[in-house]
Amino acid sequence: MSTAARKIRLLMLLRRNGVTDVQVLRAMELVPREAFVPATFRDQAYEDTALPIGHGQTISQPLVVGLMTQALELSDRMKVLEVGTGSGYQAAVLSKIVRRVYSVERHRPLFLEAEEKFKELRLHNITARLGDGMKGWPEAAPFERILVTAGGLEPPAELVAQLAIGGIMVIPLGPDRREQKVVRLRRTDDGLEREELWPVRFVPLLPDVASDPVPPVEQAG
Ligand code: SAH
């Protein structure tokens, strides 16, 4: 089957499973998922499965990307913060819908690879950086939308503080991977409204920048 045919099959699967927002379907049609998948898994790029991207991390299942993107209720004037760049695929999908995407990743090699992809694919409205996404991106706040693509117990306070009034945060929450749900939070004048959407299994949201093994440095002298 050709890539185009596989892609159409996947888009139909997404639609059958509740991704009905035409902007989201169009964005997922435009972004080449195969570009964000390691070469060894490229033949599975249009299967509805999560795939390993190294460092114990995964590119999310397309259906989860579609449903989470839809749950954000996006419009084209918005500025969105993503926590957990990973492969960069989700950020690329967002970039086709909104004005500007800020994305933070804690693993340096993943961050560097994703940045390279954004350049190659000319996704100039994505700004990515290495850091602890739980701290958000204070210089660019407030955000109309925040998408967290790693699971935690509670929404990080600094992210809630960087969410605009009337803004939406979509985040997987739960005591562990087996009891995680995608939660939609709306910031109102009085606080946060919380809506549990559906069960998921995301890798954990972890603090700080990951310490990658550093090759030994030769002593001078
Ligand atoms: N959105 C990604 C999938 C993300 S997997 C994609 O489309 O491919 C979750 C990612 O979140 C991993 O890359 C992990 O390293 C990252 N992550 C976990 N905790 C983080 C934190 N505090 N700050 C930034 N990134 C984090």
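As the structure is a prediction and not an experimental result, all values here were calculated from the model.

Asker: Can you walk me through the overall build of the protein chain in this structure?
Answerer: The helix and strand inventory of the protein chain stands at six helices and nine strands. Against the globule reference of 17 Å for 221 residues, the protein chain gives a C-alpha radius of gyration of 17 Å, in line with a compact fold. Oriented by its inertia axes, the alpha-carbon framework of the protein chain measures out at about 65 × 50 × 35 Å. By the burial criterion, 49% of the 221 residues in the protein chain qualify as buried. Averaging the locations of the 29 positively and 29 negatively charged side chains of the protein chain gives two centres separated by 5 Å.

Asker: In this structure, what is going on with the environment of Leu-185? I would like to understand it.
Answerer: In this fold, Leu-185 is placed in strand S8 (residues 180-187). With relative accessibility at 1%, the residue Leu-185 sits in the buried group. Along the chain, Leu-185 and Glu-196 lie eleven residues apart, while their C-alpha atoms are 8.8 Å from each other. In contact with Leu-185, other than residues within four places in its own chain, are Pro-155, Leu-163, Gly-167, Ile-168, Met-169, Ile-171, Leu-192, Glu-193 and Arg-194.

Asker: Just to check I follow, could you spell out the site of the ligand for this structure?
Answerer: As a structural note, the neighbourhood of the ligand is formed by 28 residues, with Ser-87, Glu-105, Asp-132, Gly-133 and Leu-206 the closest of them. At a separation of 3.3 Å, a nitrogen atom of the ligand approaches a polar backbone atom of Arg-106. At 2.7 Å, a backbone N or O of Gly-133 approaches a nitrogen atom of the ligand. Relative to its unbound accessible surface of 580 Å², the ligand loses 99% to contact with the protein. The cavity where the ligand resides is the largest pocket. Of all the secondary structure elements, the ones that give two or more residues to the shell around the ligand are strand S2 (57-59), strand S3 (79-83), helix H4 (89-95) and strand S4 (100-105). For the shell around the ligand, the element with the most residues is S2, which contributes three residues. Residues that form the shell around the ligand fall into these classes: eleven nonpolar, 13 polar and four charged.

Asker: Where do I start with the pairing of strand S7 (residues 163-173) in this structure?
Answerer: Note on strand geometry: in a regular strand, side chains alternate between the two faces of the sheet. Along S7, nine of the eleven residues are buried, which leaves the element largely enclosed by surrounding structure. Where strand S6 (residues 143-148) and S7 come together, four bridges link them in parallel fashion. Following the sheet pairing, Phe-143 is matched in S7 by Leu-163. Across six bridges, S7 lies against S8 in antiparallel orientation. When the sheet's bridge partners are listed, Pro-172 is paired in S8 with Val-182. The turn joining S7 and S8, which pair antiparallel and follow one another in sequence, is formed by six residues.

Asker: How should I be thinking about the packing of helix H1 (residues 3-16) against helix H2 (residues 22-30) in this particular structure?
Answerer: Describing two packed helices takes the angle between their axes plus the distance from one axis to the other. For the pair H1 and H2, the least separation of the axes is 11 Å and the interaxial angle reads 155°. Relative to H2, H1 is oriented roughly antiparallel. Considering only the axes of H1 and H2, their crossing is right-handed. Contacts from Lys-7, Leu-11, Leu-14 and Arg-15 of H1 reach H2 at Leu-25, Met-28, Glu-29 and Leu-30.

Definitions and cut-offs
- In every chain, residue numbers begin from 1 and rise along the written sequence.
- In keeping with the predicted nature of the model, local features appear solely for residues at pLDDT of at least 70, side-chain atom pairs appear and are counted solely at 80 or more, and the whole-chain, interface and lining totals rest on all residues.
- Note that water and hydrogens are dropped before the side-chain values are worked out from all heavy atoms of the structure.
- A run of H or I in DSSP counts as a helix once it spans at least four residues, and a run of E counts as a strand once it spans at least two, with each numbered from the N terminus.
- Every radius of gyration here is taken over C-alpha atoms, with the globule rule written as 2.2 Å times N^0.38, N being the number of residues.
- Exposure classes here rest on a 1.4 Å probe applied to the protein chains alone. A residue is buried below 20% of its type maximum, exposed above 50%, and partly exposed in between.
- Note that His is not counted, nor are the chain ends; the positive residues are Lys and Arg, and the negative ones are Asp and Glu.
- Taken as the charge location is NZ of Lys, CZ of Arg, CG of Asp or CD of Glu.
- Residues are treated as being in contact if the distance between any of their heavy atoms lies within 4.5 Å.
- Being near a molecule or strand, for a residue, means having at least one of its heavy atoms within 4 Å of it.
- Counted as a polar contact is a pair of N or O atoms within 3.5 Å, where, for protein atoms, one must be capable of donating a hydrogen and the other of accepting one, and residues adjacent in sequence contribute only when both atoms are in side chains.
- Method for areas: the Shrake-Rupley scheme with a 1.4 Å probe, in which residue coverage is limited to the protein chains shown.
- Buriedness for pockets is judged along seven lines, at least five of which must meet protein on both sides within 12 Å for an open set on the 1 Å grid over protein atoms alone, while cavities are sets there where a 1.4 Å probe fits but cannot get out, and lining residues have an atom within 4 Å of a point.
- A molecule is said to be in a cavity or pocket once over half of its atoms fall within 2 Å of that pocket's grid points.
- Each residue receives one of three labels: charged for Asp, Glu, Lys and Arg, nonpolar for Ala, Val, Leu, Ile, Met, Phe, Trp, Tyr, Cys and Pro, and polar for the others, Gly being one of them.
- Two strands qualify as a pair provided DSSP detects at least 2 bridges between them.
- Under this scheme, a helix contributes an axis fitted over its contacting stretch, all axes are lines through C-alpha atoms, and angles between N-to-C directions fall in the 0 to 180 degree range.
- Angular relationships are summarised with four words: roughly parallel below 35 degrees, roughly antiparallel beyond 145, roughly perpendicular across 65 to 115, and oblique for the angles in between.
- Crossings are classed by handedness, with left-handed meaning an anticlockwise turn of the near helix from the far one by less than a right angle and right-handed meaning a clockwise turn.

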